[in-house]
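Per-entry structural report
Now for the letters of each chain:
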Number of protein chains: 2
Amino acid sequence: MKNIDTLLHARWIIPIEGERHCLPDHSLAIHEGHILDILPTDKAREIYQAETEIYYAQHALMPGLINAHTHAGMNLFRGLADDLPLMDWLNHHIWPAEKQWVNEEFVQLGTELACAEMLRGGTTCFNDMYYFPDIAARVASKIGMRASIGLIALDFPTIWARDADEYIDKGLIVHDEYRSNELISTTFAPHAPYTISDEPLQKIRMLADELDMPIHMHIHETAHEVKEAVDTLGERPLQRLDNLGLISPNLVAAHMTQLLTEEIELLAAANSHIVHCPKSNLKLASGFCPVKQLLDAGINVALGTDSASSNNSLDMFDEMKTAALLAKGVSGDATTLPAHQALTMATLNGARALGIDDKTGSLAPGKYADVIAVEFSNIENTPVYDPISHLVYCCSREQVTDVWIAGRHIMKNRSLTTLDIERIKQAANAFSDQVIL
Amino acid sequence: MKNIDTLLHARWIIPIEGERHCLPDHSLAIHEGHILDILPTDKAREIYQAETEIYYAQHALMPGLINAHTHAGMNLFRGLADDLPLMDWLNHHIWPAEKQWVNEEFVQLGTELACAEMLRGGTTCFNDMYYFPDIAARVASKIGMRASIGLIALDFPTIWARDADEYIDKGLIVHDEYRSNELISTTFAPHAPYTISDEPLQKIRMLADELDMPIHMHIHETAHEVKEAVDTLGERPLQRLDNLGLISPNLVAAHMTQLLTEEIELLAAANSHIVHCPKSNLKLASGFCPVKQLLDAGINVALGTDSASSNNSLDMFDEMKTAALLAKGVSGDATTLPAHQALTMATLNGARALGIDDKTGSLAPGKYADVIAVEFSNIENTPVYDPISHLVYCCSREQVTDVWIAGRHIMKNRSLTTLDIERIKQAANAFSDQVIL
C-alpha cells in the first residue's frame, strides 16, 4: 500500500482530458497538492492508503471551473442598474458609481464577495481585470484560490494610475511579486482598443513577448465599437491590433461578437484565444459571438461571466448552459456545442487561454488537484441517464458540495474553509446601504 | 382585530398588478384560500389576528409562477438524448421511447416527478399537454397544485386514443369530471398543425367556443414546419388555422418562432396568446421567437419550459432569466423585456393565457392565495439594490423557501407537504434503470 494525502471515491469522474468522457466508480488519488492517479475504485482501495478518504456515492468529480473573464471587484455593484442601453448604463450608472466608490477597500471586499460566490459555484480559477490588481492577487492568494490577475492599462487616469506608463509600471511590480506563487499568474490587461493607444500597446506587446505573458483585452464587444473605430481611425480594431503585432498565441480576447470570416481565419492562424461571455453579451445586447464558426476554425474558446454588473451572477454552470443553448440557436444547428464540449470550454480551454494548462483545467496525473464534487441526488436531476448532459443542461451551482484547489479542501460540504461568509455579507450590505440609487 | 387564517409579513411584496412594483415591509392577509388584503406590516399587525403568522424578514413574496407549456409526464425522459437535430431526436429517440414506455404508470410517476420539481422551484400552476390527461389532472388535484390540463388530440392512434374523435370524446370526459374543481381547468390541446387535420380542428373550435375553453397548440415551432406546410398544403399553418376560425382569444400558441409581420398583426387583432419557450427553442435550434415585436404589438406573451426532454429542467426562474436575456440579444436592444415584465410574463400573463386570471397570476384581494416566498440572504444575491432585478437576473429556484396554493402551505421551508420526494426519486431511478440507451 502506498501512503498518500487524499483519496476521493466517486460515482463518476469526468476528467475532461482522455479518451473516455465519463469514468464510473473511479477514484482520484491526490498527493502533495497534485493529482497522482485516476483509477477504478476497487483498484484504488488495493493500492493507496490515504490520510483522508471520502466517498462521493452520488457525485461527479470534475476539474474546477475556470471563469476566464471577470471584474471581481464589481461584485459590490451586482444589480445596481439593468435593462439600459450600454452607453447609458456605462455613462450614467457604472462609471459614475466607479468614480465615487472604487478604492482599495472596495476592491478588497468586492473581490472577496466574488471569490466566495465563485468558490461556492465550483469555480477554482478566475481571470480578472480591474483596478488594484495587487489587492485581487492578495485576496486570491490568501484564500487559496487560483487566479490570473490582469495588470490593467488605460490611457486615462483612474484611482489606480495616472497614465499608461504608470499602469504598466505598477502592473510589473505586481507581476514580480507573484512570479513564483503557485496559485497566481498574471496577464497584461489593456482594457480595450478604444481606451488605449498604440504606444502603450506596443510596449505591452514587447513585454508580453519577453515575459511570455497573456494579453487579456475586451475586443469587438459591440458593433458600435467596431463602427466607431472604422469611422475615426479608418480600420477595424482587430486590424489595428494585427498591425501592432498583438494577434498572437498570447492574445486572450474577450467577447468578440463582431467577426468577419477573414478575422476568424487570422485568429485561428495566430492561435489566439477567445473568451465567450454569452450572458453579458445578451444582457447588454452586444451581439452574438459566432461560437460555431470559431470552434470549426479550431480556435480555443473559453468561457467567462464578465462582471456581476452585467450578468448578474458569477455562475459558470449557468454560463456553460447558456453557451451550449445559445450556440445552437445562433447557428441553427442543435448539434453545435454538445455538453462535453461546453464542459471543456469552462475548464481546459480556460486554462489553455491563460497559459496554465500544464497546471490545471483537467483531471490528469501531474496537474494540481483543482477539483469539484457535484451531487446528483436531488429531484431536479432525477433520473440520470448521462451525468455529462446533466452537468451542462440540468445542474445548478448549488449542487457543488466540495472544492479543492491545489489539493486544499476549500469548500467542505458547502462550507468555505478560508473565507468568512457572514463577515463579507455584512460588509457588502453595509456598503450597498450607502449607495443612493 | 379581525380573525383570519394566515398573515405573512415580508421584507418585500411584489404583487405584479398595481401601480407600485415593490412594496417594502408589507404583509399578505389570507383567509379561506383567498387573498384578503395587502398592506404595510405595521397596519397589518393592528388589524388582523391570524391563526398562522409568519415573518419573512429576508424574503420577497410574489405570485406563484405559471409554467404555460409543459409535457409533465416526460420528466422521466430528462436528459435521455441531447445535442441532436430535431427530427433525429424525435424519430430515433423520443418517439421510440414514448412508444415503448408511455402508459398510465409512466404518466402518473412522470407527472409527480414534474410537479415535485415545479413546486420546489416556485411554480404553482402548469399548462400541460400529454397522453392520459385524466391522470395528470388527478395527480395535480391530489397534491393541491393548480393545473390547466390539455385534452390532447391527434389524427393518429396512441396508447391514449385511436383517432381524433376518440381523443376529443375522452378529453370531454376529463373536462366534465373537473369542471367544478377549484384547482383544475382544461384546454383543448390539438398537438400541432402537422399532426391534426381540418375536421377535428373544426370540431374543437366549435366545442371551445361553446365551453369557452382555451385551445393549446404547438404552432410555427420551426421553419421546417412552416416550409413543409407551404410545400404540401400551399399555405402557412397560421393561415390554415385562421381559415378554420382558430385565431381567437381562446388560442394559446406555444413556440411561435416563425412569424411574419402580418401574422403578428393577425394574432394581436384576435387577442390570441403566445407561450414563449426560450430554452427549448434554443436547445432544439428551432429559431428565435420575436418577443419584442409581440410585446410591441400588445400580444399577451406567457412563458413555458416545454418538457424536461428538451430543456432539461422545469425551472421557471431560469426560463424568466433566459427570456429576459435572449429578448435583448435578439432585438439588439438592452431595454427589451425588463425585469418586471419578465416576472409578469411568468405569472399574470400565464394566467391570462389560460383564462384563469380572475383566480391567480398576481397578488390581489379576491384571488386565490397562490404565493411563493423567495429568500435573498445568500451570498450569491448580496448585495440587493432591487429585488425585482434579483428575481430575474440573479435568483435560482433553490431560493424558493415556501409555496402556498389556494392558501394551502404546499412547501414549508423547502419541504413538500403533499408529495413524498423519496418515493418519487426511488421510483424514477428504478424506471430509468430499465431504459437501455
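Everything numeric here is computed off the predicted structure, so don't read it as measured data.

Helix and strand content of chain A: 16 helices and 16 strands. With respect to the principal axes defined by its C-alpha atoms, chain A has extents near 70 × 45 × 45 Å. Taken across its 437 residues, chain A has 60% of its residues classed as buried. Considering only contacts in chain A between residues 6 or more positions apart, those separated by 24 or more positions represent 72%.

Residue-level contacts link 52 residues of chain B with 52 residues of chain A. Looking at the side of chain B that touches chain A, the elements with two or more residues in it are α3 (104-120), α10 (278-283), α12 (316-331), α15 (387-393) and α16 (421-434) of chain B. The leading source of residues in the side of chain B that touches chain A is α16(B), at seven residues. Its residues assigned to classes, the side of chain B that touches chain A comprises 26 nonpolar, 13 polar and 13 charged.

This part covers the relation of the copies chain B and chain A. If you rotate chain B by 180 degrees and push it 0.0 Å along the axis, it lands on chain A with an RMSD of 0.0 Å. Expressed as an axis order, the relation between the two copies is that of a two-fold axis. An overlap of 100% is found between the interface residues of chain B and their copies at the interface of chain A, pointing to a shared contact surface.

On to the pairing of strand β9 (residues 215-219) of chain A, then. Residues and elements named next belong to chain A. Burial within β9 is extensive, with five of its five residues counted as buried. With burial as the criterion, each face of β9 is covered, one bearing Ile215, Met217 and Ile219 and the other bearing His216 and His218. Pairing between β9 and strand β10 (residues 251-255): five bridges, direction parallel. Residue pairing for β10: His216 is matched across the bridge by Val252.

Residues and elements named next belong to chain B. On the basis of which strands lie adjacent, the open sheet formed by eight strands has the order β3-β2-β1-β4-β13-β14-β15-β16 and mixed pairing. Sheet topology places β3 (34-40) and β16 (415-416) at the edges, where each strand pairs with a single neighbour. As paired elements, strand β4 (residues 48-63) and strand β13 (residues 371-375) share five bridges and run antiparallel to each other. Bridging from a neighbouring strand, Met62 pairs with Ile372 of β13.

Okay, the domain arrangement of chain A next. All names here are of chain A. Under the domain assignment, chain A is made up of domain 1 (2-63 + 363-416) and domain 2 (65-353). Inter-centroid distance (C-alpha atoms) of domain 1 to domain 2 is 29 Å. Facing 24 residues of domain 1, the contacting portion of domain 2 comprises 24 residues. The element best represented in the side of domain 1 that touches domain 2 is helix α15 (residues 387-393), accounting for five residues. Looking at the side of domain 1 that touches domain 2, its residues break down into 17 nonpolar, three polar and four charged.

All right, on to the sheet that holds strand β1 (residues 2-13) of chain A then. Residue and element names in this part refer to chain A. Strand order in the open sheet made by the eight strands is β3-β2-β1-β4-β13-β14-β15-β16, with mixed pairing throughout. This sheet does not close on itself; its edge strands, each paired only once, are β3 (34-40) and β16 (415-416). For strand β14 (residues 400-405) and strand β15 (residues 408-412), the ladder comprises three bridges, and the chain directions are antiparallel. By the bridge assignment, Trp404 is partnered in β15 with His409.

Residues and elements named next belong to chain A. Tracing the chain through its elements places Val330 in helix α12 (residues 316-331). By C-beta crowding, Val330 is classed as buried, having 22 other C-beta atoms within 10 Å. Spatially, the C-alpha atoms of Val330 and Phe77 are 30 Å apart, while their sequence positions differ by 253 residues.

Note that the residue after Asn311(B), namely Asn312(B), is joined by a cis bond; omega there is 5 degrees. Relative to the helices and strands, Asn312(B) resides in the loop between β12 (300-303) and α12. Note the cis peptide between Thr382(B) and Pro383(B), where omega equals -10 degrees. By the element assignment, Pro383(B) lies in the loop between β13 and α15. A positive phi angle is found at Ala285(A), which is not glycine, with a value near 55 degrees. Of note, Ala285(A) is situated in the loop between α10 (278-283) and α11 (291-296). Phi at His220(B) takes a positive value of approximately 45 degrees, unusual for a residue other than glycine. Its place among the elements puts His220(B) in the loop between β9 (215-219) and α7 (223-233).

Thresholds applied
- Going along each chain's sequence as written, the residues are numbered from 1 onward.
- All chains are assigned letters beginning with A, and all ligands numbers beginning with 1, in the order in which they are written.
- Given that the model is predicted, a residue must reach a pLDDT of at least 70 before its local features are reported, and side-chain atom pairs must reach 80 or more before they are shown or counted; all residues, however, enter totals for whole chains, interfaces and linings.
- For the purposes of this entry, the term helix denotes a DSSP run of H or I that reaches at least four residues, the term strand denotes a run of E that reaches at least two, and both are numbered from the N terminus.
- With C-beta atoms placed from the backbone, the exposure class of a residue follows from how many other C-beta atoms lie within 10 Å of its own: 20 or more, buried; 12 or fewer, exposed; in between, partly exposed.
- The contact criterion used here is simple: two residues whose C-beta atoms, placed from the backbone, lie within 7 Å are in contact.
- Here the nonpolar group is Ala, Val, Leu, Ile, Met, Phe, Trp, Tyr, Cys and Pro; Asp, Glu, Lys and Arg are the charged ones; every other residue, Gly included, is treated as polar.
- The superposition of copies rests on a least-squares fit of C-alpha positions from residues with pLDDT of 70 or more in both.
- Any two strands with at least two DSSP bridges between them are considered paired.
- Boundaries of every domain are those given by an automatic assignment or by a domain database.

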